Amino acid sequence: MNRYLALLCLLLCQQAFGQDVQKAKNTVALLSSETFWGRGYTKNGMGKTADFIVSEFLSYGLKPMDQKDFRQNFEMPVNTFPGKMSASINGKTLSPGKDFIVFAESGTKAGTGKLRQTDSASFIDPDQRFIVLLKDKLTWSVSMQQADYTGIQVDKRALDSPPESYAIDIQNAFEPVFKASNICGIVPGTRKPDSLVIITAHYDHLGGMGSDTYFPGANDNASGVAFLLNLAKYYASNPQPYSMGFLCFAAEEAGLVGSKYFTENPLKPLANIRFLINVDMVGTGEEGITVVNATQHPTEFKVLNKINDAQKYLPKINSRGKAANSDHYFFSEKGVPAFFIYTQGGISAYHDILDKSNTLPLTEFSDLFKLFVSFNQSLMEK
Ligand SMILES: [Zn+2]
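A brief look at the structure comes next.

About the cut-offs
- Residues numbered from 1 in each chain as written.
- Predicted model: local features only at pLDDT ≥ 70, side-chain atom pairs only at ≥ 80, totals over all residues.
- Axes fitted to C-alpha atoms, helices over the stretch in contact; angles between N-to-C directions.
- Helix = DSSP H or I, 4+ residues; strand = E, 2+ residues; numbered from the N terminus.
- Parallel < 35°, antiparallel > 145°, perpendicular 65-115°, else oblique.
- Left-handed = near helix turned anticlockwise from the far one by under 90°.
- Contact = placed C-beta atoms within 7 Å.
- Nonpolar A, V, L, I, M, F, W, Y, C, P; charged D, E, K, R; others polar.
- Pairing = 2+ DSSP bridges.
- Buried ≥ 20, exposed ≤ 12 C-beta atoms within 10 Å, placed from the backbone.

**Some details on the packing of helix α2 (residues 45-60) against helix α3 (residues 218-237)**
With their axes 9 Å apart at the nearest point, α2 and α3 run at an angle of 20 degrees to one another. As the angle between them shows, α2 and α3 are arranged roughly parallel. Between α2 and α3 the crossing geometry is right-handed. Side by side, α2 and α3 meet where E56, F57 and Y60 of the first sit next to L229, A232, K233 and A236 of the second. Along the lines of polarity and charge, the residues of the contact of α2 with α3 split into five nonpolar, no polar and two charged.

**Regarding the sheet that holds strand β6 (residues 109-114)**
Taken together, the four strands give an open sheet; going across it, the order is β4-β3-β11-β6, and neighbouring strands pair in antiparallel fashion. Strand pairing shows two members of the sheet lacking a second neighbour, β4 (92-94) and β6, which therefore form its edges. Put simply, the sheet's adjacent strands are angled 15 degrees from each other on average, direction ignored.

**A short note on unusual backbone geometry**
At the junction of D220 and N221, the peptide bond is cis and its omega measures out at 0 degrees in the coordinates. Positive phi outside glycine occurs at A251, with the angle close to 55 degrees. The topology assignment puts A251 in the loop between β14 (242-249) and α4 (257-264). A positive phi is found at K312, a non-glycine position, where the angle reads about 55 degrees. Inspection of the secondary structure puts K312 in the loop between α5 (298-311) and β17 (317-320). Judged by the 8 C-beta atoms lying within 10 Å of it, K312 falls in the exposed class.

**A word on the sheet that holds strand β9 (residues 130-135)**
As summarised here, the arrangement of the five strands in space is β5-β10-β9-β8-β7, forming an open sheet in which the pairing is mixed. Each edge of the open sheet carries a strand with a single partner, namely β5 (100-102) and β7 (116-119). Looking at each pair of strands side by side, their axes are set apart by 25 degrees on average, direction ignored. Examined bridge by bridge, β9 and strand β10 (residues 150-155) share six bridges and lie parallel to one another. In the strand pairing of β10, I131 is matched with G151.

**Some details on the pairing of strand β8 (residues 122-125)**
A regular strand carries its side chains on alternate faces of the sheet. Along β8, the buried face is formed by F123 and D125; none of S122 and I124, which line the opposite face, is buried. Of the pairings in the sheet, the one linking β7 to β8 comprises three bridges and is antiparallel in character. In the strand pairing of β8, Q117 is matched with F123. Linkage of β7 to β8, two consecutive antiparallel strands, is achieved through a turn of two residues.

Below, the structure written as structure tokens:
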């Protein structure tokens, strides 16, 4: 009888985890699609993503963390590019996103001119305050300011000769009061509901650059959102002794804006957080995972490794010290014990138009899910 039960359980578990990976793949594909426009600041990309996460939380049966609303609203300034985005160098038209990207802080500029070389990779037209930087890899970002110049990074491979002349038509729109929301849900604990284990992931990405180009952000961080949603769904039907909190932050790419706002306006006392795990870029895993803050929390890091060694989930768990590189940071600074976990290996697309869902393998997704469930359990055993 026990053997049958065990077999049945195994089948059910495999089925559940199997569906989870497919569900995650669907979520990553959806959030990286044109509809969500890079989950940024134009075409309501971030707003649509927030709506999607709220509806998912509702369907799982999560409760709003503040008992009223899943959204924690805040405002920020941001420089956006909703309109024209064209550039040519030496008479050759460049493809936006592929051959060039605009400096995130750029202002509007249209016209033609000549360029002067200032070093091996920099070219300027000082009269028009226009800059061209040659790069081996294009990497976009978000700026909360607008500068009094316009610049573009150009992929070296797009040009046959050094830049001499240019024609551009670039439009920016500076938004002094952009409205964004963190999405905050909770599964109340059964024994010690005031104590919390929290999972976080930013749901924004870089958005769109002009009216025709967007940055999909499949790995960064549709993968983390898909991972968080799978855990939220799992914990909604499997409540734990402690409350499980799920925070999806906005405006991480603009400088950890959403998570900083949360730590300054916490919906639960930060001192009640037993542990927080942030996930950002978890769509690969061929070379294992890296744990930021591993050196800050050696006891928990040891437990994580013990589980992984016993179950052989991930090929490797790399230890890293403190780093201000994602949403765990302001929690750590306020004394909340936190890890930031990301996967390694596989594709290397980062902050470019190649970070797509169809090339994101989700190699270790299922193993990472199981590792998290066991690790979270260990946090509540005391
Ligand atoms: Zn990210």
